[in-house]
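# A structural walkthrough
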Amino acid sequence: LAIVVMGYRAILKYRHSRYQIIRTISVMFFQLFFAFLIPALLVMFQQKEFYFTYFWPLKYYYLFPSGYEEFAQGGGLAPFMIRWAAIMTFIGTPILTYYFGKRWYCSWVCGCGGLAETAGDQWRQLSDKSLKSWKIERWMIHSVLVFITITTALLWINSATQGGVLGNLSEGFASVYGFAIGAMFSGVVGVGFYPIMGTRVWCRLGCPMAAVLGILQKKMSRFRITTNGGQCISCGNCSTYCEMGIDVRSYAQRGQNIIRASCVGCGMCAAVCPRGVLSLENGPT
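None of these values were measured; they are calculated from a predicted model.

### Examining the overall build of the chain
- Looking only at helices and strands, the chain has 14 helices and two strands in total.
- Relative to the globule expectation of 19 Å for 285 residues, the C-alpha radius of gyration of the chain, 20 Å, shows essentially globular dimensions.
- Projected onto its principal axes, the C-alpha positions of the chain cover 65 × 40 × 40 Å.
- Within the chain, buried positions represent 46% of all 285 residues.
- Across the chain, contacts joining residues at least 24 apart in sequence account for 71% of those joining residues at least 6 apart.
- Accessible area for the chain stands at about 13700 Å²; split by element, carbon and sulfur atoms hold 65% of it.
- Where the 25 positive side-chain charges of the chain centre and where its 11 negative ones centre are 10 Å apart.

In structure tokens:
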């Protein structure tokens, strides 16, 4: 409801940008159908509840041993669901990120990003653009990724040894992660801190899916934001409107392409630039 209502508001606000209109409609579509109606219909028809737009490590339970066994041994569509989650995690995500950068997910599909882009739009300028903040973000988001990777590995080791090696240690890891990261960080802090730290607090500081996509985008993606430094008048609109805390203006002033792991390709910097300095491109690497 929040994304659909506030998404309509965002479309009206940024109606001068075709990219913003299409991107917002995409988020509204995926959240209305794939994150709400389809899971509800699955339950109505006595199938397992499943979200086709969430994969490991964001939806970590799907590749936990207990989650995998529950779906693999379930009836109906359950085996297909868990195969879909595995294929999208290990094959679909790298391929799509190679061609489109992390924007295919973070700005076009994801509910966390969608809520930030629509309901949180009025606070996007509050994101910290300092170098210190950038360093903290990198440490935190990759620490969460390491945490969930270790947790998943421990659970599989424990499952393979029937608990003979680690006992309840792996379950403790999973419980801590589920509450501290999955609930408090992504939910309470990730949304509640919009008016304090800007939107996409979770995306910048804690989302393990964003960390994976960012690594792929930085190392192998065709996506980048190109700049025409000769046209830049240093107005600062691009940096102000960047919700990921990137000082876009500093890149534009030097005429450097923006290839940052944190960039979600929302295109807002290009939309608010009065001189058309910035362009989102999927060119050859």
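On we go from here.
### Observations regarding unusual backbone geometry
- The amide bond that connects W56 to the next residue, P57, takes the cis arrangement and shows omega of 10 degrees.
- The topology assignment puts P57 in the loop between α2 (18–44) and α3 (65–72).
- Of note in the backbone geometry, Q46 takes a positive phi value of approximately 60 degrees without being a glycine.
- For Q46, the location among the structural elements is in the loop between α2 and α3.
- A relative accessible area of 75% means that Q46 is categorised as exposed.
- Positive phi is not limited to glycine here, since S234 has a value of about 55 degrees.
- Structurally, the position occupied by S234 is in the loop between β1 (223–227) and α12 (237–241).

### Things to note about the state of the cysteines
- Under the criterion given, the structure shown has zero disulfides.
- Sulfur of C110: no disulfide; nearest cysteine sulfur belongs to C112 and is 4.2 Å away.
- C266 takes part in no disulfide bond, and the closest cysteine sulfur, belonging to C269, lies 6.3 Å away.

### Topic: the nonpolar core
- F50, L58, Y105, V248 and L278 are the most contacted members of the largest nonpolar core, which totals 62 residues.
- Sequence-distant contacts of L278, that is, excluding residues within four places in its chain, are made with I225, T226, T227, C238, V248, A252, I258, C269 and A270.

### Topic: the pattern of salt bridges
- In total, this model carries nine salt bridges according to the counting rule given.
- Here E117 and R124 are joined by a salt bridge, their closest N and O atoms 2.8 Å apart.
- Given a relative accessible area of 6%, E117 falls into the buried group.
- Since its relative accessible area comes to 1%, R124 is described here as buried.
- Residue E137 pairs with R204 through a salt bridge whose shortest N-O separation is 3.2 Å. Of this pair, E137 sits in helix α7 (residues 131–160) while R204 sits in helix α10 (residues 201–205), and the two are 67 residues apart along the sequence. For the pair E137 and R204, one class covers both residues: buried.
- Salt bridges sharing partners connect three or more residues here, namely K13, R23, E117, D121, R124, R200 and E243.

### Focus on the packing of α3 against α7
- Where α3 contacts α7, the axes come no closer than 9 Å and their chain directions differ by 65 degrees. One way to sum up the angle between α3 and α7 is to call them roughly perpendicular. Listed contacts from α7 to P65, Y68 and E69 of α3 are L155, W156 and S159.
- Considered class by class, the residues forming the contact of α3 with α7 number four nonpolar, one polar and one charged.

Basis of the calculations
Residues numbered from 1 in each chain as written. Predicted model: local features only at pLDDT ≥ 70, side-chain atom pairs only at ≥ 80, totals over all residues. Heavy atoms only, no water. Helix = DSSP H or I, 4+ residues; strand = E, 2+ residues; numbered from the N terminus. Rg over C-alpha atoms; globule rule 2.2 N^0.38 Å. Buried < 20%, exposed > 50% of the residue type's maximum accessible area, 1.4 Å probe, protein only. Contact = heavy atoms within 4.5 Å. Areas by Shrake-Rupley, 256 points an atom, 1.4 Å probe, with all protein chains shown as cover. Lys, Arg positive; Asp, Glu negative; His and termini not counted. Charge placed at Lys NZ, Arg CZ, Asp CG, Glu CD. Disulfide = S-S within 2.5 Å. Core = buried A, V, L, I, M, F, W, Y, C linked by side-chain atoms within 4.5 Å. Salt bridge = Lys/Arg side-chain N within 4 Å of Asp/Glu carboxyl O. Axes fitted to C-alpha atoms, helices over the stretch in contact; angles between N-to-C directions. Parallel < 35°, antiparallel > 145°, perpendicular 65-115°, else oblique. Nonpolar A, V, L, I, M, F, W, Y, C, P; charged D, E, K, R; others polar.

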